[in-house]
Structure formats: structure tokens, C-alpha cells
Amino acid sequence: MNPINKFTSSRLHNLLGSTRKSRIISASAIFLAVCAFGAAGVAPLAPDASDLPVKTIAQDIQLPDLSSQITALQQQEASQKYVHEEKIRAGDTLATLLNRLGVEDDAAETFIKKDKTARAIMQLRSGKRVQAQTDENGNLLWLKATVVDGKDNPVKNIMVSRSGDAEFTAEETAAKLERRVEMRAREITTSLYAATDSSSDGSSLPDTVVAQIIEMFSTNIDFRSDLKRGDRFNVVYETFWQDGEFVRAGRILAGEFTNKGTTYQSVWFEDPLTKSGGGYFSFDGKSLKKAFLKSPLEFSRISSGFGMRSHPISGNWKQHKGTDFAAATGTPIRAAGDGVIDFSGVQGGYGNVIVIKHWANYTTAYAHMSRFGAGMKKGAKVSQGDIIGYVGTTGWSTGAHLHYEFRVAGEAKDPNKLNITAQAPLTTGELARFKSVAGDMIHRFALLRPNSNTSNLAAK
């Protein structure tokens, strides 16, 4: 062997070690040392950043035209439009109304005063709403309002519009109302009217709806004396709105009243096919319009019933052939049933009296009136619930009250002891259509009732 090779081999053997483990460790260390040396040798080869070439770029940036932007903003402000809304106040003049609406336009004021159509705006009653649109200078662009009839029902809308620099036009259109169906539930704590005032939900029932509730159930409930604390009623009725503003309440579509544990129900039905006129029915399709109201007065008390009594003027013991209802002078008197005026005038001790002839041989008399209702003359037709006169103390009377008589073949009878049938029932076809309407109202009542309801339905 070459001495050099032998020496190298020997040195390498000594360097790596004599055992397998020591040789592996030594080899790894040598490899890492070589890598480190190589990295150190390569690093200085990267160029110095300060030696790199620098390139300068110049670019023009266009600034915004501030003058044009200011001009645009000024034009935008000049085209601003404002909408104002006000309600008519007591003592308002056209000038004060326009001033509150932000209108500073003499030409518009002159036009409204002179134009036949626009002039109706000046006749609006207190509380009615008026809207107007103006520009930034107070020039009127348009003005609109709704004119109502004597019963506060909208009849037409009036629109005044600018058609030129100082020219205006006025037009009227029929009022278009939005119909809504509302539901309410109430519990009697003191009185019916207290229950219908604003409740915890902030809502109150319109007076016309309350009046319909009384009329609807007055054949079964005497609202003067029958109501008890804890009685409940649910009602579904229609309301009419225009431009989001309440206009009036309409008809009660369905109602139920629980009095002394007995529930009376009623639903309005007008056959869409026959269109023969609607009426109220029980949920089984029986007509609820009984022949006669239980009381001709909405609220009063019976001061003297039918039967023997001591006459308040003569003092003699004799039969009282009617029912006396104590009430204030001027209280409206309602027709107890459909019929025709048979007598209207002064009649001895009855004073001002009206006699209504109903079908068959039934008549009713209403005495001691202070005055008669409009058009209540012999031969005039009346419907159940119509106002025929007002309570007074004419004739042989010691105080304001209504003397009411129910007569059969001219003989006075106690109406509480008579059993008079209601109207004819629905036909088979009408009943099928009625069930669809009644089903919807039954569902609504289910939503209104409290969770536990153990009252009995009244037998019809």
C-alpha cells in the first residue's frame, strides 16, 4: 500500500472515530460545517442597494374644479322642495293656514279665494288635514285637501297645482278610501262606554261602533241594567282610511257579547248573488233581527212597568198599560220595529205621540215626546232603530220620560210576555255562502278570546 494512502486512511479513521456511532456523528458535523462555509461564501455576492440605479417619474395630477362643484350645489339647493302638513284650527283664515304651511305666495292665495273649486278649501272644518308643497322661497307648488259631507264622510279631494310662474289650476276628484278590518276585545269593569275608551293598547272604539254594539245586542241585553262586572265582548268591524289617515268607521262585521255567563253572537251577511240586503245572523244561520227592540231607548231606567199602579196625577189605583222609561229631555227615541207611521201629533194625555203600525196586527206607541224626528209624518216608513222623536214631558206627565206601549189588535200588552218570531231563515244556497263568511269570523273570535272561556252560547 502507498504510504500516503495508508496515512490518509489512518488519519480519516482517527478523525471519524473507531465506532459506527462516532463515525456518523462526526460525518454530520463535517457536513454542516461545509454548508455554513458555503453560505458565508455566497452571501457577499449580493449587490449593494446603494449601488442600484434610481429612476425618477413625474406625472401631472388634475385638481377638481371647485367652482363648478359650488355652482352645482347652489343649483341643487335652488331646486329643493318641501312638503308641509297642517290641520285646520278654530278661527283659521286662509292666510293663517297658508302661513303655517310655509306658503308665501300672494298669487296662490288670490287664486284660492277666487276659484270656485279651490275655494272649498276655505270651508274645511277644524281638525281636517291640508298638505302643501313649496319651493325654498315659499312659492306654492301644490296644495291638497279632502272635503267631507255632513256626516264627516269624504266626498271629494281638491288639488291646487302651479301650472306657470303665477298660474294655477284646481281640480276635484272623488275620494278613494282604503277599507281595513279591525278587531277589538274588551272587558266590562264599570260601564260599556268606559270599556270602549282607550285601553292598554292605546286604542279606543269609535262611537259609531259602540252604538252598533248596543243596537246589535239590545234584543237580548238591556244595557241599562243587565251589564255586570266581568262581562266581555269581541267585535270585528270595518274602518275607512285615506292617505294613512282614519276617516270613519263602517259596519260591524261580527260581534259577540258575554253577559252573565251567556254569549250572544252575531255576524253580518249580505248574499253576494242575490244582493237582497244584508242582516245579522247567528253562526248557525238564523236571523237575529227580532221583530222588536227590547227597549226604545239606548240608556235609561224603567220608572214604571206594565200593570196596576197608583196614577201619579189622579192618585187612583188603575192599570198602567205601558212601560215608562225615565230619561233626560232630548234623549233620542228609536222605532222598536219596522213599520209605517200611523199617527203623529198631539193626543190628549199622551201629549206628542207617534203610533207605528207594524205587520199583521202589531202597533207601538211612543208618548210625551218633546219633539218629533225629521220626516215623522203619517204614512212615512221607518226601520227598526230609526230615530222617531225625543224624550219630553208633554201631556199628562210629571217629569221627562217615555211612555211606551205595545199593542196587539189595538189592545195594550206586556211586550216582555210575548214571543214574536224573527225573520225568515236563509235558503239552502244562501246558507252555503253564509258558512264561508261565518267561518272566517269564528277564527277571528278564537284569536280574541282569552285562553279559558267557559261561557255558554245563547240558544237562538
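Model, not experiment: these values are computed from the prediction.

Cut-off values and rules
- Residues numbered from 1 in each chain as written.
- Predicted model: local features only at pLDDT ≥ 70, side-chain atom pairs only at ≥ 80, totals over all residues.
- Heavy atoms only, no water.
- Helix = DSSP H or I, 4+ residues; strand = E, 2+ residues; numbered from the N terminus.
- Buried < 20%, exposed > 50% of the residue type's maximum accessible area, 1.4 Å probe, protein only.
- Contact = heavy atoms within 4.5 Å.
- Areas by Shrake-Rupley, 256 points an atom, 1.4 Å probe, with all protein chains shown as cover.
- Phe/Tyr/Trp six-rings, centres within 6.5 Å; stacked < 30°, edge-to-face > 60°.
- Pairing = 2+ DSSP bridges.
- Axes fitted to C-alpha atoms, helices over the stretch in contact; angles between N-to-C directions.
- Core = buried A, V, L, I, M, F, W, Y, C linked by side-chain atoms within 4.5 Å.
- Salt bridge = Lys/Arg side-chain N within 4 Å of Asp/Glu carboxyl O.
- Arc of directions from axis to C-beta.
- Polar contact = N/O pair within 3.5 Å; in protein donor to acceptor, adjacent residues only side chain to side chain.

### A word on the overall build of the chain
So, point 1. The helix and strand inventory of the chain stands at eight helices and 23 strands.
So, point 2. By the burial criterion, 38% of the 460 residues in the chain qualify as buried.
So, point 3. The contacts of the chain with a sequence gap of at least 6 include a subset with a gap of at least 24, amounting to 59%.
So, point 4. With an accessible surface of roughly 27,400 Å², the chain has 53% of that area assigned to carbon and sulfur atoms.

### Regarding the packing of aromatic side chains
So, point 1. Taken as a whole and judged by the stated rule, the model has 14 aromatic pairs.
So, point 2. Ring geometry for Tyr-362 versus Phe-406: centroids 5.8 Å apart, planes at 45°, classification tilted. Of this pair, Tyr-362 sits in strand β18 (residues 362-372) while Phe-406 sits in strand β21 (residues 401-408), and the two are 44 residues apart along the sequence.
So, point 3. Here Phe-406 falls in the buried class, since its relative accessible area comes to 2%.
So, point 4. In this structure an aromatic cluster arises from ring pairing among Phe-217, Phe-223, Phe-233 and Phe-257.

### A word on the sheet that holds strand β2 (residues 129-135)
So, point 1. Read across the sheet, five strands follow the order β1-β2-β3-β4-β5 without closing on themselves; strand pairing throughout is antiparallel. The open sheet has two edge strands with one neighbour each: β1 (81-87) and β5 (168-174). The average angle at which neighbouring strand axes cross in this sheet is 15°, direction not considered.
So, point 2. For β1 and β2, the ladder comprises seven bridges, and the chain directions are antiparallel. Residue pairing across strands places Tyr-82 opposite Thr-134, the latter belonging to β2.
So, point 3. Contacting β3 (140-148), β4 (154-162) and β5, helix α5 (residues 106-114) crosses the sheet at an angle of about 50° to β5.

### Remarks on the environment of Lys-176
So, point 1. Turning to its location among the elements, Lys-176 is positioned in the loop between β5 and β6 (178-187).
So, point 2. Under the relative-accessibility criterion, Lys-176 is labelled exposed at 71%.
So, point 3. A sequence separation of 22 residues divides Lys-176 from Pro-154, and the C-alpha atoms of the two residues are 8.5 Å apart.
So, point 4. Setting aside its immediate chain neighbours within four residues, Lys-176 contacts Asn-157, Trp-241 and Gln-242.

### Quick notes on the nonpolar core
So, point 1. Ranked by internal contacts, the top residues of the largest apolar core, which has 23 residues, are Leu-192 and Phe-257.
So, point 2. When residues of this core are traced back to their parent elements, those giving at least two are α6 (192-196), α7 (207-217), β7 (232-242), β8 (245-259) and β9 (262-269).
So, point 3. Among the elements that line this core, the one with the most residues is α7, at six residues.
So, point 4. If you look at the next biggest cluster of nonpolar residues, it comprises 22 residues, including Ala-108, Ala-120, Val-147 and Val-160.

### Notes on the pattern of salt bridges
So, point 1. Applying the stated criterion across every chain yields a total of 16 salt bridges.
So, point 2. The residue Glu-187 makes a salt bridge to Arg-232 at a minimum N-O spacing of 3.6 Å. Note that Glu-187 is positioned in strand β6 and Arg-232 in strand β7, a separation of 45 residues in sequence.
So, point 3. If you follow the salt bridges from partner to partner, you end up with Glu-86, Arg-89, Asp-92 and Arg-100 in one network.

### Some details on the side chain of Asn-352
So, point 1. Its place among the elements puts Asn-352 in strand β17 (residues 352-357).
So, point 2. Excluding its chain neighbours within four sequence positions, the residues that come into contact with Asn-352 are Gly-345, Val-346, Tyr-366, Ala-367, His-368, Met-369, Ser-370, Arg-371, Phe-372 and Thr-394.

### A word on the environment of Phe-269
So, point 1. As for its position among the elements, Phe-269 is in strand β9.
So, point 2. Separated by 16 residues in sequence, Phe-269 and Leu-253 have C-alpha atoms that sit 8.0 Å apart.
So, point 3. Residues contacting Phe-269, with those up to four places away along its chain left out, are Gly-278, Gly-279, Phe-281, Leu-426, Glu-430, Arg-433, Phe-434 and Val-437.

### Remarks on α5
So, point 1. Restricting attention to buried positions, one finds in α5 the residues Ala-108, Glu-109, Phe-111 and Ile-112. The buried residues of α5 occupy an angular sector of 160° when projected down its axis, which confines them to one face. With respect to the buried face of α5, the exposed residues turned more than 90 degrees away are Asp-106 and Lys-114.
So, point 2. Looking at the buried positions of α5, the neighbouring elements they touch are α4 (94-100), β3, β4 and β5.
So, point 3. With a side-chain oxygen lying 3.2 Å from the backbone nitrogen of Ala-107, the N-terminal cap of α5 falls on Asp-105.

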